[in-house]
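Reading the structure
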Amino acid sequence: MIQLRNYYTIFYSMRLYIDKENIESLIKGRKENIELYSELARYIKRGLLVQYNFSKDEMLKNQYLQAWFSNVGGDGVVSKPDFCPPQNIFPIRPVKTNFLSTCDSDAYRSIYLLCTDENISRSIKEKQAILIGNVGEEYTVLKQLQTLEDKEILTKQINTWESYCPKLPLTDIILCDEHYFKHKSVYDKNKNEILSSLCKTPKNQINIVIITKDGEIDSAFDLEGECQNIKEQVSKASGLSKGKCKVTILTTNKTHSRHLITNYYRIIHTCCFHLEENGLKGDVNTDIAPCTNKNANAVTEELIKLFQGIAVSPVHSYGDKFSNFLKF
């Protein structure tokens, strides 16, 4: 369900929005892309939410849709799909290049396989850092999702965050790490490498929220000034102007674990996100929780709800206070 920005309640369920023309394209191309087709089938059967932008009646009249629901969207599907009606087609047609501008986090975290004007589709991909494909581009999108698999390793094997992190579109980052600002010398040595690496992807604007533990912050820090320093680093890494780089720092006593949430995955990390000179133990591990995994996505949604509570009632807050995932 999509929620407009002028309401306070946020709905967190990401999903795949797909038009019937894209299903026809997937069916026609499955012999040449059987591995990717089978992976999509597994995602859906294991619980990836789907909204079909057509009615059940249309399904009965189309041989390609019948083929799809006989082996992908039918029996064995964990999560019941939505159809239109009773749901409203999303994005609204004709699709506009700024269709996300009135939406909240579920829309920014969703996947779109749409039949739309080629110029509009191209413009959306140039301006919006989301997973979206026109007719004939479905398997290109699926190849990007494939990069989320098999990412659990011991952290000592990570040379740089840039080499580890999936290269997927993103508009937002929430980084929760209680010791991110604990030692200024360690912080300075690492130069926000994880943020700079991730921020090479955005195309229009990047919104970063860092949540850290109050009372675990080196006294040498001026966190309001540090927001500006991070903006400069992110601007340099992304090529975006500083005005397009939004940075917020929140302090709290309500978190313990480390998480980094982006549009399409969550990084699970059992120590501080700084890799250099941080005394990492040999058993520290890092993993990716992908949006295509129902259980992992449910945890991500619960964490966003927790972070939403922190956003409206932090101990201290600094910076721009802007996010597509949180309200301030």
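Keep in mind that this is a model prediction, so the values were computed, not measured. (Residues numbered from 1 in each chain as written. Predicted model: local features only at pLDDT ≥ 70, side-chain atom pairs only at ≥ 80, totals over all residues. Heavy atoms only, no water.)

1. Here we look at the sheet that holds strand β2 (residues 50–52)
- Taken together, 4 strands build an open sheet; the order of strands is β2-β1-β3-β4 and the sheet is parallel. Pairing within the sheet leaves two strands with one partner each, and these edge strands are β2 and β4 (131–133). Strand-to-strand twist in this sheet, taken as the mean axis angle between neighbours without regard to direction, amounts to 10 degrees.
- Two elements, strand β1 (residues 16–18) and strand β3 (residues 111–113), share 3 bridges in a ladder whose sense is parallel. Of the residues in β3, the one forming a bridge with Y17 is Y112. (Pairing = 2+ DSSP bridges. Helix = DSSP H or I, 4+ residues; strand = E, 2+ residues; numbered from the N terminus. Axes fitted to C-alpha atoms, helices over the stretch in contact; angles between N-to-C directions.)

2. Some details on the packing of aromatic side chains
- Evaluation of the coordinates by the stated rule reveals 19 aromatic pairs.
- Note on F90 and Y112: the rings are 6.2 Å apart at their centroids and 50 degrees apart in plane angle, and the pair reads as tilted. Of the two residues, F90 sits in the loop between α4 (63–71) and α5 (105–108) while Y112 sits in strand β3, which places them 22 residues apart along the sequence. Neither residue differs from the other here; F90 and Y112 are each classed as buried.
- Pairwise contacts between aromatic rings join Y17, F90, F99 and Y112 into one cluster.
- In this arrangement the basic side chain of K28 is found over the ring face of Y64, its NZ or CZ atom lying 5.1 Å from the centre.
- Lying over the aromatic face of F221, K184 brings its terminal NZ or CZ to 5.6 Å of the ring centre. (Phe/Tyr/Trp six-rings, centres within 6.5 Å; stacked < 30°, edge-to-face > 60°. Buried < 20%, exposed > 50% of the residue type's maximum accessible area, 1.4 Å probe, protein only. Lys NZ or Arg CZ within 6 Å of the ring centre and 35° of its normal.)

3. Observations regarding the pattern of salt bridges
- A complete count under the given rule lists 12 salt bridges for this structure.
- A salt bridge links D82 to R15, with the nearest nitrogen and oxygen atoms 2.9 Å apart. Of this pair, D82 sits in the loop between α4 and α5 while R15 sits in the segment before β1, and the two are 67 residues apart along the sequence.
- Assessed through its relative accessible area of 22%, D82 is described here as partly exposed.
- Using a relative accessible area of 7% as the deciding quantity, one classes R15 as buried.
- Two residues, R93 and D19, come together in a salt bridge whose shortest N-O distance is 2.8 Å. (Salt bridge = Lys/Arg side-chain N within 4 Å of Asp/Glu carboxyl O.)

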